Each structure stands twice: as structure tokens, then as C-alpha cells.
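Structural features, examined
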Amino acid sequence: MPYTDSEKVQLFQAAVLIIVVLFFDIVERLRPRIEIDRTRSLSINILALFVVIFAGEAWKTLIKDGLNTLALGSNIVVGSLHQLPSTAKIILGLIIADLCLYWVHRAMHRRVLWPTHTFHHSIEQLWWLSGSRTSLTHLLLFALPQVYLSNYILGLAEWEAAIAFSLGIVVNIWIHTNLFVDLGRLEWLLITPNYHRIHHGGRGLSNMNLGFVFTIWDRMFGTYVDPRTVEKDFPLGAISTRKGLARMIAGF
């Protein structure tokens, strides 16, 4: 039986996840930034991964259906953007989404939305799997601008959206890997694991380096810390999960 377009998209996204996980897992083991104990909190990290996979897709579907039902996007159709070539739409979407998520992330570090984000900051050791610690409300808040952007502002086709969201998976795994990476001059623009590790650090650094793909938002809006000015192996500012793990995962 031939696969439907939706099934092909799901298989593509699953393949991307598997390939990226295998690649970074091998590289981390061969050249780790620091030595870590992967068995530490392993059950929590695995649980978080399943939450991301299943709840993330569920939120996207519910948001899309809700927007269609309420017709909230029917009057906001930027036809000229819809007509752009696929590559241009995906790149533009990556830039706009990164800016939106910067501000959502920044809002999560305010008192009202902080409960949605504490699970993510419970990470004690940064490696590709621990970066999946994301609460249900965190997933919702991140999915809202991405779904709206892809469906209404850019009008991405199903396969275009699959590529865009798969890039998001790659970025999230990449910035949380236990690697020390030197991109040279590209580090002025692109976020590396060194850059994002600062955001998970103690010493008041958790409100800094809030971007995900590009460093320009942190530079523009006053939340930039140069990774070269911070020692390589500084401790993480982890929040304990011993009390209220279920609430952390829910994000309340």
C-alpha cells in the first residue's frame, strides 16, 4: 500500500530525528566537552523525549484546527510571501520564528510564565537527550507562533513545514549537545552549544543568551554574553526535580 503524503511527512521527520540523534550521540561519546554520567536522571530524560514527540505533534494539530475553526488566520494572508520559492520561505520562516521564540523564551523567564520553563532548567548535565526536558505548556507556547507563521503568514506546504519543523529539531539537539565547537567567524551569527550552555549556567546567567539559531537577537536586545569570556566548564544552575516533577512536566 502506498504511503499518503501525511505518512511520508511523518516518516521524514522520524528519519531526521533518528539520524541526528545517532550522529550527535556518537560525536558526543568520541569528543565530549566534559565527562558526564549519562545514566544520571536517564528515566526523566527519556520521559521528556516522549513528551516532546507526542505532545508536540498534538499541540500543532490542535492549534491548527483551532485557528481554522475560529478563522483567526483567514484575513491575514500575505499572498506575496506565499508565492516565494520554497527555499526562501523556509529561510524566512527560520528567521522570523527565531525572533518570535526569542521573545517567548524571554517571557518565560518572567515570574508569570516561569513555571512553564522550570523543567527545562532542571537539567543537571547538558547532552543531546537532556535538552528534551520541555513542559507541556512550554511546548504550547513555542508551537503557537510556529504554527501560525507556517500556515498563515508563509503558507507552507505540508512538506515545506516538515522541513522547517525538522530544522527546529536539529537546532534543539545541536545547542544542547555536550560538545565544544568552534565555528570561527560564523559564531558572530550562529548559536553553538558553547553559547547556549551559558543560558543554563548559574551565577545569574540564565537570563542571558536566549536565542536558538541566531545571536543577533541577544545582541540587539541586551541579553548577549560572549562565550569566550566564560570559563569552559562552569557549573549549571539546575533546579531540583525531587519535588513536583509532575507539575514541572505540566508547566504549572
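Owing to the predicted nature of the structure, the values given are computational and were not obtained by experimental measurement.

1. Observations concerning helix α2 (residues 42-70)
- Taking 1.5 Å as the rise per residue, α2 with 29 residues should run 42 Å; its terminal C-alpha atoms sit 41 Å apart, in good agreement.
- Those residues of α2 lying buried are I44, N45, A48, V51, A55, G56, I63 and L67.

2. Concerning the pattern of salt bridges
- One pass over the full model with this rule turns up 7 salt bridges.
- Between E57 and K60 there is a salt bridge; the shortest N-O distance is 3.4 Å. Of the two residues, E57 and K60 both sit in helix α2, 3 residues apart, roughly one turn of that helix.
- Notably, a salt bridge pairs E160 with K89, separated by 3.3 Å at the nearest N-O pair. With E160 in helix α6 (residues 158-175) and K89 in helix α4 (residues 86-108), this pair connects stretches of sequence that are 71 residues apart.
- Within this structure, D25, E28, R29 and R38 form a network of salt bridges that share partners.

3. Examining the packing of aromatic side chains
- Considering all chains together, one arrives at 10 aromatic pairs under this definition.
- Where Y102 meets W103, the ring centres are 5.2 Å apart and the plane angle is 90°; that geometry is what we call edge-to-face.
- Its relative accessible area of 0% is what places Y102 among the buried residues.
- Between the aromatic rings of Y195 and Y224, the centroid separation amounts to 6.0 Å while the plane-to-plane angle is 40°, which identifies the pairing as tilted.

4. Section: the nonpolar core
- If you look at the biggest cluster of nonpolar residues, it comprises 25 residues, and the most contacted ones within it are F24, W128, F142, I173, I175 and F212.
- Put simply, the parts of the chain that give this core at least two residues each are α1 (5-30), α4 and α6.
- Not counting chain neighbours up to four residues away, the residues in contact with F142 comprise L101, V104, H105, M108 and F212.

5. Re the environment of T87
- Along the chain, T87 falls in helix α4.
- Through-space distance from the C-alpha of T87 to that of E160 is 8.6 Å; in sequence the pair is 73 residues apart.

Cut-offs and rules
Residues numbered from 1 in each chain as written. Predicted model: local features only at pLDDT ≥ 70, side-chain atom pairs only at ≥ 80, totals over all residues. Heavy atoms only, no water. Helix = DSSP H or I, 4+ residues; strand = E, 2+ residues; numbered from the N terminus. Expected span 1.5 Å × (residues − 1). Buried < 20%, exposed > 50% of the residue type's maximum accessible area, 1.4 Å probe, protein only. Salt bridge = Lys/Arg side-chain N within 4 Å of Asp/Glu carboxyl O. Phe/Tyr/Trp six-rings, centres within 6.5 Å; stacked < 30°, edge-to-face > 60°. Core = buried A, V, L, I, M, F, W, Y, C linked by side-chain atoms within 4.5 Å. Contact = heavy atoms within 4.5 Å.

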